[in-house]
Amino acid sequence: MKFPKHSRIPLLMLTLLASHATADLVPVDLRCDGTENPLAATAAPRFSWRVESDVRGAAQTAWQILVASSEECLAKNEGDLWDSGKTAIEREPQVRYAGKALAAGQRGFWKVRSWDQNDEPSAWSEPVSWEVAPLTPADWQGARWIDDGKPLPEKPEDFYKNDPAPLLRKEFTVEKPIARARLHVAGLGYALASLNGERLADQALDPPWTNFDKRILFRTHDVTENLTEGANTLGLALGNGWYNLEPLRMWGHRVFRDSLPSGRPRAIALLVIDHPDGSQTTLATGDGWRVTEGPSLRHSIFLGEVRDARRALPGWDKPGFDDSAWRAANVTDHPLDPLKPILDMPPVRAAESFPATAVTEPKPGVFIVDFGKNFTGVPELKLDLPAGTEITLRYGELLHADGTLNPMTGVAGQIKGTRRNAEGEERPIGGPGAPLIAWQQDVYIARGGGETYIPDFTFHGFRYMEITGLPAAPEVEDFRGHFLRSDVPSVGSFSSSNGLFNKIQEIVRRTFLANIVSVQSDCPHRERLGYGGDIVATDSAYLMNFDMAGFYAKTVRDWSDAARPDGSFTDTAPFVGIQYCGVGWAMAHPNLLEKLYQHYGDRDLVAAEMPAAIRWFDGEAARRENGLVTKGLGDHEALIPSRGPVFSTPMFIATAQRMARLARIAGMEDDAKRFDQYAAESTAAWMKEFLDPETGKIGEGTQTSQLFALGFGGVPDEAADKVFARLVEDLNSPEDAPRLTTGIYGTMLLLEELSKRGRHDLAYGLADRKTFPSWGWMLENGATTLWEDWEGTDNVKSHSHPMFGSISAWFYRWLGGIQPTDGAIGFDRIVIRPQIIDGLEWVKTSHDSIRGRIESNWKKTDAGIEFAIVIPPDTTARIELPAGRITESGKPIVEQDGISILNPSGNFISAGSGRYQFLVKP
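Model, not experiment: these values are computed from the prediction.

Participant: What is the right way to look at the pairing of strand β34 (residues 460-468) in this model?
Facilitator: Across a regular strand the side chains alternate sides, sitting on one face of the sheet and then on the other. Judged by how many residues are buried, β34 sits mostly within the fold: eight of nine residues are covered. Bridge count between strand β26 (residues 366-385) and β34: eight bridges; the pairing is antiparallel. Its bridge partner lying in β34, Gly 377 is registered against His 460. Sheet analysis places strand β27 (residues 390-396) next to β34, joined by five bridges and oriented antiparallel. Of the residues in β34, the one forming a bridge with Gly 396 is Tyr 464.

Participant: In this structure, what is going on with the sheet that holds strand β6 (residues 94-96)? I would like to understand it.
Facilitator: Taken together, the three strands give an open sheet; going across it, the order is β1-β2-β6, and neighbouring strands pair in antiparallel fashion. Two strands close off the open sheet at either side, each with one partner strand: β1 (26-32) and β6. This sheet shows a mean twist of 30° between the axes of neighbouring strands, independent of strand direction. Pairing between strand β2 (residues 46-52) and β6: three bridges, direction antiparallel. Bridge pairing in β6 places Phe 47 opposite Val 95.

Participant: Can you help me understand helix α14 (residues 760-767) in this one?
Facilitator: Residue pairs three or four apart in sequence face the same way in an α-helix, which turns once every 3.6 residues. Counting buried residues in α14 gives six out of eight residues, a clear majority hidden from the surface. For α14, the secondary structure elements touched by its buried residues are α3 (499-514), α12 (717-732), α13 (744-756), α15 (775-780) and α16 (807-816).

Participant: Explain the pairing of strand β47 (residues 914-921) to me, please; I cannot follow it from the model alone.
Facilitator: In this structure, strand β41 (residues 864-871) lies alongside β47, joined through seven bridges in antiparallel fashion. Paired with Ile 865 across the strands is Val 920, a residue of β47. As paired strands, strand β43 (residues 885-888) and β47 are joined by four bridges and run antiparallel to one another. Across the sheet, residue Thr 887 finds its bridge partner in β47, namely Leu 919.

Participant: Sorry, what's going on with the pattern of salt bridges here?
Facilitator: Side-chain pairing between opposite charges can occur once the charged atoms of the two side chains come close. What the rule picks out here adds up to 67 salt bridges. A salt bridge links Asp 163 to Arg 264; its shortest N-O distance comes to 2.7 Å. Note that Asp 163 is positioned in the loop between β9 (146-147) and β10 (166-174) and Arg 264 in the loop between β15 (230-239) and β16 (266-274), a separation of 101 residues in sequence. Its relative accessible area of 9% is what places Arg 264 among the buried residues. Notably, a salt bridge pairs Glu 752 with Arg 813, separated by 2.8 Å at the nearest N-O pair. Here Arg 813 lies in helix α16 and Glu 752 lies in helix α13, a separation of 61 residues in the sequence. For the pair Glu 752 and Arg 813, a shared accessibility class is recorded, and that class is buried. Among the charged side chains, a network of salt bridges with common partners joins Arg 107, Glu 131, Arg 180, Arg 182, Asp 222 and Asp 274.

Participant: Hey, could you run me through unusual backbone geometry in this one?
Facilitator: Residues apart from glycine generally show negative phi values, whereas peptide bonds are mostly found in trans. With omega at -15°, the peptide bond leading from Leu 188 into Gly 189 counts as cis. Take Gly 189: it is sitting in the loop between β11 (180-188) and β12 (190-195). With omega at -5°, the peptide bond leading from Ala 573 into Pro 574 counts as cis. Backbone geometry at Trp 251 places phi at a positive 55°, although glycine is not the residue there. The backbone of Leu 343 sits at a positive phi, close to 55°, despite the residue not being glycine. Checked against the element boundaries, Leu 343 lands in the loop between β23 (339-341) and β24 (348-355).

Participant: Would you take a moment to explain helix α5 (residues 549-561) for this structure?
Facilitator: Taking 1.5 Å per residue, 13 residues should reach 18 Å; α5 reaches 18 Å between its end C-alpha atoms and fits that length. Counting buried residues along α5, twelve of its 13 residues qualify, which places the element largely inside the surrounding structure. Taken residue by residue, α5 has Ala 549, Gly 550, Phe 551, Tyr 552, Ala 553, Lys 554, Thr 555, Val 556, Asp 558, Trp 559, Ser 560 and Asp 561 as its buried positions.

Participant: What should I look at first to understand the sheet that holds strand β39 (residues 842-849) in this one?
Facilitator: Backbone-to-backbone hydrogen bonds join strands into a sheet, with any given pair of strands oriented parallel or antiparallel. Read across the sheet, seven strands follow the order β36-β39-β40-β41-β47-β43-β44 without closing on themselves; strand pairing throughout is antiparallel. Bordering the open sheet on either side are β36 (492-496) and β44 (891-892), each of which pairs with just one other strand. As defined by bridge partners, β43 adjoins β44 across two bridges and the pair is classed as antiparallel. The residue of β44 that forms the bridge with Thr 887 is Pro 892.

Participant: What should I look at first to understand the packing of α13 against α14 in this one?
Facilitator: For any two helices packed against each other, one specifies the crossing angle of their axes together with the interaxial distance. Viewed as axis vectors pointing N to C, α13 and α14 meet at an angle of 150°, and their least axial separation amounts to 7 Å. Taken together, the axis directions place α13 and α14 in an arrangement best described as roughly antiparallel. Judged by residue contacts, Leu 750, Leu 751, Leu 754 and Ser 755 of α13 engage His 760, Leu 762, Ala 763 and Leu 766 from α14. By residue class, the composition of the contact of α13 with α14 is six nonpolar, two polar and no charged.

Participant: What's the story with the nonpolar core in this structure? I'm lost.
Facilitator: Across soluble globular proteins, you tend to see nonpolar side chains buried next to one another. Residues Trp 242, Phe 302, Tyr 745, Trp 810 and Phe 918 are the most contacted members of the largest nonpolar core, which totals 220 residues. Looking at which element gives the most residues to this core, the answer is helix α9 (residues 645-665), with twelve residues. If we ignore the near neighbours within four places in the chain, the residues touching Trp 810 are Phe 501, Leu 751, Glu 752, Ser 755, Ala 763, Tyr 764, Ala 767 and Leu 815. Formed by 24 residues, the second largest nonpolar core is a distinct cluster that contains Phe 172, Ala 267, Ala 269 and Ile 273.

Participant: What is the right way to look at the state of the cysteines in this model?
Facilitator: Covalently bonding the sulfur atom of one cysteine to the sulfur atom of another cysteine gives a disulfide. Tallying each qualifying case throughout the model produces zero disulfides. The closest cysteine sulfur to the non-disulfide-bonded Cys 581 is located on Cys 523, 14 Å from its own sulfur.

Participant: How should the side chain of Asn 240 be read in this particular structure?
Facilitator: As for its position among the elements, Asn 240 is in the loop between β15 and β16. We classify Asn 240 as buried; its relative accessible area is 11%. Here the side chain of Asn 240 touches Asn 244 through a polar contact of 2.8 Å, side chain to side chain. Not counting the four nearest positions on each side in its chain, Asn 240 is found in contact with Gly 189, Pro 265 and His 299.

Participant: I tried to follow the packing of aromatic side chains on my own but got confused; where do I start?
Facilitator: Two aromatic rings are characterised by how far apart their centres lie and by the angle between their planes. Counted under the stated rule, the structure contains 46 aromatic pairs. Ring plane angle 70° and centroid distance 6.3 Å describe the contact between Tyr 542 and Tyr 552, whose orientation is recorded as edge-to-face. With Tyr 542 in helix α4 (residues 532-545) and Tyr 552 in helix α5, this residue pair connects regions lying ten residues apart in the sequence. Aromatic pair Phe 617 and Phe 675: ring centres 5.8 Å apart, planes at 75°, arrangement edge-to-face. Of this pair, Phe 617 sits in helix α8 (residues 603-622) while Phe 675 sits in helix α10 (residues 669-690), and the two are 58 residues apart along the sequence. In terms of burial, Phe 617 and Phe 675 fall into one category: buried.

Scoring rules and cut-offs
- Residues numbered from 1 in each chain as written.
- Predicted model: local features only at pLDDT ≥ 70, side-chain atom pairs only at ≥ 80, totals over all residues.
- Heavy atoms only, no water.
- Buried < 20%, exposed > 50% of the residue type's maximum accessible area, 1.4 Å probe, protein only.
- Helix = DSSP H or I, 4+ residues; strand = E, 2+ residues; numbered from the N terminus.
- Pairing = 2+ DSSP bridges.
- Axes fitted to C-alpha atoms, helices over the stretch in contact; angles between N-to-C directions.
- Contact = heavy atoms within 4.5 Å.
- Salt bridge = Lys/Arg side-chain N within 4 Å of Asp/Glu carboxyl O.
- Expected span 1.5 Å × (residues − 1).
- Parallel < 35°, antiparallel > 145°, perpendicular 65-115°, else oblique.
- Nonpolar A, V, L, I, M, F, W, Y, C, P; charged D, E, K, R; others polar.
- Core = buried A, V, L, I, M, F, W, Y, C linked by side-chain atoms within 4.5 Å.
- Disulfide = S-S within 2.5 Å.
- Polar contact = N/O pair within 3.5 Å; in protein donor to acceptor, adjacent residues only side chain to side chain.
- Phe/Tyr/Trp six-rings, centres within 6.5 Å; stacked < 30°, edge-to-face > 60°.

Below is the structure:
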């Protein structure tokens, strides 16, 4: 029996259907605003789930959601808040709540069931819940921002003086039993919350960095078990973070502080306690809070932390502590409107902790701790020192030949030494008060006796740590490394018979994780900024390796928040004053919008962000000169320099085409037609200026120019073969062919275009190189994370840059062969096209999409080539196998259900969900 979309069925019939569920579908992985059982979601959240089934061709045809105000109500199959009724499935895998209006703090309990391809209902899923976050200033129930009341320094040099991190506390009494308690807290820059002497959760560097004048993200903690009847104390330790940077003159001239909202560190918090009798107790920041100076004398993102453990105040965040010497906290009238719940942005935490591998003493009293690999985070030191002992910790990615630390690749903004001004005077590059060399450093002054030090308000990118000031040699067991990153789940795996590829995949993933401390950064030390070019070059690889739904949704919003008054998108988001890279960096915003739609199917995000994208792109179009985009960077870090309209115009063309697709997704047909026109105009102008139709040469004919034409658009189909042939000729011309000369964009396009056009041998040869320039060259020279450039330097360029990590996308897309189609919505249309290459014996690849796990594994055997492929429910796949005699599970494919042959050779196959075992014999 079929039901029309949105039809409703009487409750009695629903109960009878549920009791006779026969569908071989199981709804699982229920999420609300992208999170399981979130404590702080919107009032009208997005629901998502997936289904599991062992039946081939399994797919949902309809669903029903029940939302109830209590678990008891939901258990009776009653949706007193929302009963969606049986609703026909759509391609978007996310459903917006459409029930009764909910208030802040209210809980919704929900479950879902599905109808299968035979119109049989499943059993109900396990119940889950969500809680509505404070969404308006009124929801904060009188909470106000508080700080230490100190003025900011008046002179630049005074920012570098000791300025202890504030400690804030409030003692309070809970007079009734506790049923549920939630703490909502945000800080500018960082706020570490504790209750009754215990720091909450295992999160660090909270909240995430955003454009603080537009959005301040608050965290919600379940503190039910942290509270007791009677006396309690809430503590907040504040750090400068990105809100109170020093006026460092990065590269000698750019002060990030001048472009960022800034001020004294401050915090806001609201504690809501529900009692069994239905009453509620609240505690909010404001009057009555106390403040004093903590032991962190300095706390800088770039320059590190100075902590005097002798100034620690044991028990300061416990009841009964004597705070009579503390002063009243300063209560401010800063607005609450920017406060937003974090939703599905994963917290920064020490997701990995590991011991140091070695300690050396290259010079008397100078100790080098080797953590074995480059990473982003902080050290943990076990110490037993006399009180007042001061030790200095410096960090670096490299060692000098004599074994001493080389910190220079991580120096903030290339602040190294002095520079002569117009009057001939030598002045520090970093400005008044700045260190001559702005390396990564922490200083610790011991309390005395056994103690542990872990920095609180900073992070570093390093492999090696230098320690000076110790009275005796330490043991390697005294040190651990804590790898800090936004804790995105891993959703992809790749391995192969090629050991070099496995090592490349390992260092790519480590580099990716090292550069997601709330923004996807270029590097975790020297700049730490969210550059658009780095994102465009690597987003496909990130998306195949990690669940980036929440992280990249935040990134998209960061970009629109950072837009300039004229609508222009900037080179980095949040904006720090850098804006010269042009369309190739700004296009990170629409690029991510389309990728997120392909992978996760979030149409609402597209609709919400298109106005900002349109305003930006219409401005870009207006700035063209005779159809050409004349300003902006080209192929960053290419071995042959590349910039100018021959490169920037194809990026504009590709973005115009993407903008047209996004506009159609959002139902903006008139805008889509305008973007189509932009693309046509610029294509015609670009072809006339740069394409030699006889030879296929583009501009100067470099690999980058040929690739930009092929991969970013601009070259017509009839000329593509000649353009590609010239690229192949260039790759094969050196004695050590194939040899690349490309930068971050060209390399991203290079392996993709070679495989797309059938030259897997060349792509494999480039990936398998161990000589310069190559990923293997980095590994041969000791890399544990990717370098900023192909050569590798020991003084300037970072050794933890994700830009060249696009090769990981090639591993998934072509060696494993897992790709979403261009028109995929939440990965519902899949292409499986593994490439069988000489020299490679087997490949194992998987990706956990929003629909479920996709697997593509193959190996060469005496019988032929075996393929083990898994397609999740609610998807269809086009499987492209090598030509030959093909069987599936031992039978000719024509005899198997759920498989359709798409071509005369019989090796292109359409398949629904299920597990498939193909054998291709020559």
